[in-house]
Amino acid sequence: MHQELVEKRRWISEHRFLHALNYCMLLPGPEAQQLAIYIGWLLHRTWGGIVAGILFVLPSFFILAALSYVYLTYGNLTIVQGVFNGVKPAVVAIVVFAAWRIGSRALKNKLLWALAAASFVAIFVFDMPFPYIVLAAGILGFIGGKLMPGKFRVGGGHGASDKNYGPALIDDDTPRLPHTRFRWAYLIILLIVALALWSAAMALLDAPVLRDMGEFFTKAALLTFGGAYAVLPYVYQGGVETYGWLTGTQMIDGLALGETTPGPLIMIVSFVGFVGAWTREIFGPDQLLVAGMAGAAVATFFTFLPSFVFILAGAPLVESTHGDLKFTAPLTAITAAVVGVILNLALFFGWHVIFPRATVAAPFSGGIEWFYALMSAAAFIALWKYQQDIMKVIGACAAIGLVHTYLA
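Conventions we followed
- Residues numbered from 1 in each chain as written.
- Predicted model: local features only at pLDDT ≥ 70, side-chain atom pairs only at ≥ 80, totals over all residues.
- Heavy atoms only, no water.
- Helix = DSSP H or I, 4+ residues; strand = E, 2+ residues; numbered from the N terminus.
- Rg over C-alpha atoms; globule rule 2.2 N^0.38 Å.
- Buried < 20%, exposed > 50% of the residue type's maximum accessible area, 1.4 Å probe, protein only.
- Areas by Shrake-Rupley, 256 points an atom, 1.4 Å probe, with all protein chains shown as cover.
- Lys, Arg positive; Asp, Glu negative; His and termini not counted.
- Charge placed at Lys NZ, Arg CZ, Asp CG, Glu CD.
- Salt bridge = Lys/Arg side-chain N within 4 Å of Asp/Glu carboxyl O.
- Contact = heavy atoms within 4.5 Å.
- Expected span 1.5 Å × (residues − 1).

### Concerning the overall build of the chain
Check the secondary structure of the chain and you find 15 helices and zero strands. Relative to the compact-globule value of 22 Å for 408 residues, the chain shows a C-alpha radius of gyration of 22 Å, a close match. Projecting the C-alpha coordinates of the chain onto the three principal axes gives extents of approximately 65 × 50 × 40 Å. The proportion of buried residues among the 408 residues of the chain is 51%. Entry remark: accessible area of the chain is about 19200 Å², with carbon and sulfur atoms responsible for 68%. Across the chain, the mean location of the 24 positive side-chain charges is 8 Å away from that of the 21 negative side-chain charges.

Structure representation (structure tokens):
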């Protein structure tokens, strides 16, 4: 987005782009989509933000819906199983790499390391729900920012660089346009419309499964501090353990599909909704595709609706200053806690891949899949040490898994 909007098209200046991104980082929800809404709103008022936000996720929605259908319909074919058998170890490596990548930037002192360790223990040992971990970390960060500001001054934003790419349509010294000024009437109307849309959508959901999805993904949208990898554990807890919409193995496969399709990774919620509605046969056994599309649409709508509200309501206030945003200490603490949560997710995925026949009662039974364990290790080394592209690693693992499946 930076390369296209700042460097090539010159729609917005470097400093204004990063200022908007800093605000999006402080919000729950997918920051890339929120940034698209923000810039669309700057350029073309409210409708610009709405169009930019919708088109940012619409292609991914249809691609993932199509792939979800293929997965559920043809997943038992040897060729499909072989590809997924290879991709799963890559997914384990990708999630471990995500934990390392975020941790290397976020854990800059012993206190933040301790916070990450505490969050890991909370979710791994005590199975604490993800929302409570986020809330506790935010409170600790707020208090810590007051008592020990130096410990929580890292992370939470992007510093502007000194690069200049030439004049921009929205430049550093561009006067504020009328629609970027805060107006109480606009805010009230926006909140009323958003609440009406949410309420109307919930009222139209006749199937109990779809209503549960609407409520669940609304909560998920308010808890995605730290990006898609941060919300995955929450989606797993709800989708797999609480509601039983899909299995742990299917969740890993969904992450594999999300990693290999364009668009934000948070679009994995579409896969969860599709599989959940399909497997529950909410419209009967003869309308599985319709059910899947309905589930995917519900998950997507309720996940992204809050992002539009956050940006369209808050951007006028943010535009009142171009200085760095304050109050990043809670975000710093939440990001540290997220590292521990993501590590737990990596261990869970690794357990499913390396001990596929194990159970909760006997977590290490059934034998170890040494081949896939070595594949995960090799994939992680390729990502971490040799900085290989994720798509290349997934492609190589898929090919290896396909060959291994046919030879086994």
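### Description of the pattern of salt bridges
Applying the stated criterion across every chain, the model contains three salt bridges. Where Glu-369 meets Arg-357, a salt bridge forms, and the shortest distance between an N and an O atom there is 3.3 Å. Remark: Arg-357 occurs in the loop between α13 (329-354) and α14 (370-384) and Glu-369 occurs in the loop between α13 and α14; sequence separation between them is twelve residues.

### Quick word on the side chain of Lys-88
Relative to the helices and strands, Lys-88 resides in helix α4 (residues 78-106). The class of Lys-88 is buried, set by a relative accessible area of 16%. Once you skip the residues sitting within four places of it in the chain, Lys-88 turns out to touch Thr-249, Ile-252, Asp-253 and Val-353.

### Section: the environment of Leu-374
Tracing the backbone through its elements, the reader meets Leu-374 in helix α14. Once the C-alpha coordinates of Leu-374 and Pro-89 are considered, the two residues, 285 residues apart in sequence, prove to be 8.6 Å apart.

### A look at helix α10 (residues 248-259)
Between its first and last C-alpha atoms α10 spans 17 Å; for twelve residues at 1.5 Å apiece the expected length is 16 Å, and the two agree. With respect to burial, α10 is a largely interior element, eleven of its twelve residues being buried. Buried residues of α10: Gly-248, Gln-250, Met-251, Ile-252, Asp-253, Gly-254, Leu-255, Ala-256, Leu-257, Gly-258 and Glu-259, and no others. Buried residues belonging to α10 abut α3 (31-74), α4, α9 (228-242), α11 (268-280), α13 and α15 (390-407).

### Remarks on α11
When the terminal C-alpha atoms of α11 are compared, their 18 Å separation across 13 residues agrees well with the 18 Å that a helix rising 1.5 Å per residue should span. Taken across its 13 residues, α11 has eleven buried, putting it largely inside the fold. Those residues of α11 not exposed but buried are Ile-268, Val-269, Ser-270, Phe-271, Val-272, Gly-273, Phe-274, Val-275, Gly-276, Ala-277 and Trp-278. In this structure, the buried side of α11 is in contact with α3, α8 (208-221), α9, α10 and α12 (288-318).

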